[in-house]
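Analysis of the macromolecular model
Chain residues, written in single-letter form:
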Amino acid sequence: EAGVTQFPSHSVIEKGQTVTLRCDPISGHDNLYWYRRVMGKEIKFLLHFVKESKQDESGMPNNRFLAERTGGTYSTLKVQPAELEDSGVYFCASSLVGQGGTEAFFGQGTRLTVV
Amino acid sequence: DAKTTQPNSMESNEEEPVHLPCNHSTISGTDYIHWYRQLPSQGPEYVIHGLTSNVNNRMASLAIAEDRKSSTLILHRATLRDAAVYYCILRGPDRGSTLGRLYFGRGTQLTVWP
C-alpha cells in the first residue's frame, strides 16, 4: 500500500512568486492534516480536512496560504505570494477518523526555500 | 494545547535498552498517548500509542502510569537506526476542539553510540 506522498520534495522560489504543494493521502483516509516546521522551531499544525471539508484552519499563518482538498482525495497548499518567512518543511499527514487512537501517517515533506 | 514534558536529549549504547520518559500531568480522560519519531530528513513516523494499559508492538513498548500522568517509551535494544527525535504527544478525539491533531513539542533527541 502506498503511503502519504508529497510533491515536490524540494522547491526553491523567489520572494513574491507562487508555489503549490501537493499531498496524496493514503486511500480511504478521511483525515488530512498539514503541518509545517520552520527552521529551528517545532512542528506546527496548519489545518485539518475531513474529506473535502476544512474542519480547522486555525494554524494557517495568514491569507497568503490557501489549502484545498478536491473531492476529498488529494490536497494542495498554495502560497501566494511567498515571503522569506514561509521557508521551512511542510508535512502532510493522513489518518482514519477515530477517537484519537488512530495512527497518523506522514509524508516525507516538501522543503520550501524562499529566496 | 495539551502539554507534555520530555528531556531534551538522551544517549544510549547500541543494543542496550532505552527508556524515554514523558510527563503529561494535564492529560484528559479522552486523550490517547502517542509517540512519534523523526529521523533526519524524514517525516514523523508513528511508533506506538495507548490509552490506559501498557502496549507492545514490533517497534517498542509503552508503559503508562496508573494515574496516566506520565508514560515511558521503551526501546528494548537500541540500534543506530533508532537515533532520532522522539515526540510524546497527547491526541484527542477527532471531534471537538482538538480534532485529533498532533501537538509537537521539542521532543527528545536520542543519540545511539556504536
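Provided above is the structure to which this section pertains.
Everything quoted here is computed from the prediction, not taken from an experiment.

**What to know about the overall build of chain A**
In terms of helices and strands, chain A carries 0 helices and 11 strands. Reading chain A from its N end, one meets helices and strands in the order β-β-β-β-β-β-β-β-β-β-β. Against the compact-globule benchmark of 13 Å for 115 residues, chain A has a radius of gyration of 13 Å, which places it among compact chains. Considering only C-alpha atoms, chain A reaches an extent of 40 × 25 × 25 Å along its principal axes. Of the contacts made within chain A by residues no fewer than 6 positions apart, 52% connect residues no fewer than 24 positions apart. Total accessible area on chain A is roughly 5500 Å²; 50% of this is exposed by carbon and sulfur atoms.

**A look at the sheet that holds strand β7 (residues 70–75) of chain B**
All names here are of chain B. Here 4 strands make up an open sheet; going across it, the order is β2-β7-β6-β5 and the pairing antiparallel. Both outer strands of the open sheet, β2 (18–23) and β5 (55–56), are each paired with one neighbouring strand and no more. Across 2 bridges, the pairing between β5 and strand β6 (residues 61–64) is antiparallel. Bridge pairing in β6 places valine 55 opposite leucine 62.

**Focus on the interface of chain A and chain B**
Listed by partner, the interface residues are 26 residues for chain A and 23 residues for chain B. With both chains or domains summed, chain A and chain B bury close to 2100 Å², and 47% of this area falls on carbon and sulfur atoms. In this structure, the connection of chain A to chain B is made through 1 salt bridge. Put simply, chain A and chain B have 6 residue pairs in polar contact (both at pLDDT 80 or more) between them. Mapped by element, the contributors of at least two residues to the side of chain A that touches chain B are β4 (31–37), β5 (43–50), β6 (53–56) and β9 (88–95) of chain A. Here the element with the most residues in the side of chain A that touches chain B is β4 of chain A; it accounts for 4 residues. For the side of chain A that touches chain B, the class distribution of residues is 9 nonpolar, 13 polar and 4 charged.

**With respect to the pairing of β2 of chain B**
Residue and element names in this part refer to chain B. The alternating pattern of β2 places Val18, Leu20 and Cys22 on a buried face and His19, Pro21 and Asn23 on a face that is not buried. Note: β2 against β7, 6 bridges, orientation antiparallel. Opposite histidine 19, over in β7, you have isoleucine 74 as the bridge partner.

**Digging into the side chain of serine 12 of chain B**
Residues and elements named next belong to chain B. Along the chain, serine 12 falls in strand β1 (residues 9–13). According to the relative accessible area criterion, serine 12 is buried, its value standing at 6%. Ignoring sequence-local partners within four residues, the contact set of serine 12 consists of Pro17, Val18, Ala78, Leu110, Thr111, Val112 and Trp113.

**Quick look at the sheet that holds strand β4 (residues 45–50) of chain B**
Residues and elements named next belong to chain B. Pairing is mixed across the open sheet formed by 5 strands, whose spatial order is β1-β9-β8-β3-β4. Looking at strand neighbours, the two that pair on one side only are β1 and β4, the edges of this open sheet. Across this sheet, the average inter-strand angle for adjacent strands is 25 degrees, counted without regard to direction. Two elements, strand β3 (residues 32–38) and β4, share 5 bridges in a ladder whose sense is antiparallel. Looking across to β4, one finds that isoleucine 33 is bridged to glycine 50.

Calculation rules
- Residues numbered from 1 in each chain as written.
- Chains lettered and ligands numbered in written order.
- Predicted model: local features only at pLDDT ≥ 70, side-chain atom pairs only at ≥ 80, totals over all residues.
- Heavy atoms only, no water.
- Helix = DSSP H or I, 4+ residues; strand = E, 2+ residues; numbered from the N terminus.
- Rg over C-alpha atoms; globule rule 2.2 N^0.38 Å.
- Contact = heavy atoms within 4.5 Å.
- Areas by Shrake-Rupley, 256 points an atom, 1.4 Å probe, with all protein chains shown as cover.
- Pairing = 2+ DSSP bridges.
- Buried area = accessible area lost by both parts, 1.4 Å probe.
- Salt bridge = Lys/Arg side-chain N within 4 Å of Asp/Glu carboxyl O.
- Polar contact = N/O pair within 3.5 Å; in protein donor to acceptor, adjacent residues only side chain to side chain.
- Nonpolar A, V, L, I, M, F, W, Y, C, P; charged D, E, K, R; others polar.
- Buried < 20%, exposed > 50% of the residue type's maximum accessible area, 1.4 Å probe, protein only.
- Axes fitted to C-alpha atoms, helices over the stretch in contact; angles between N-to-C directions.

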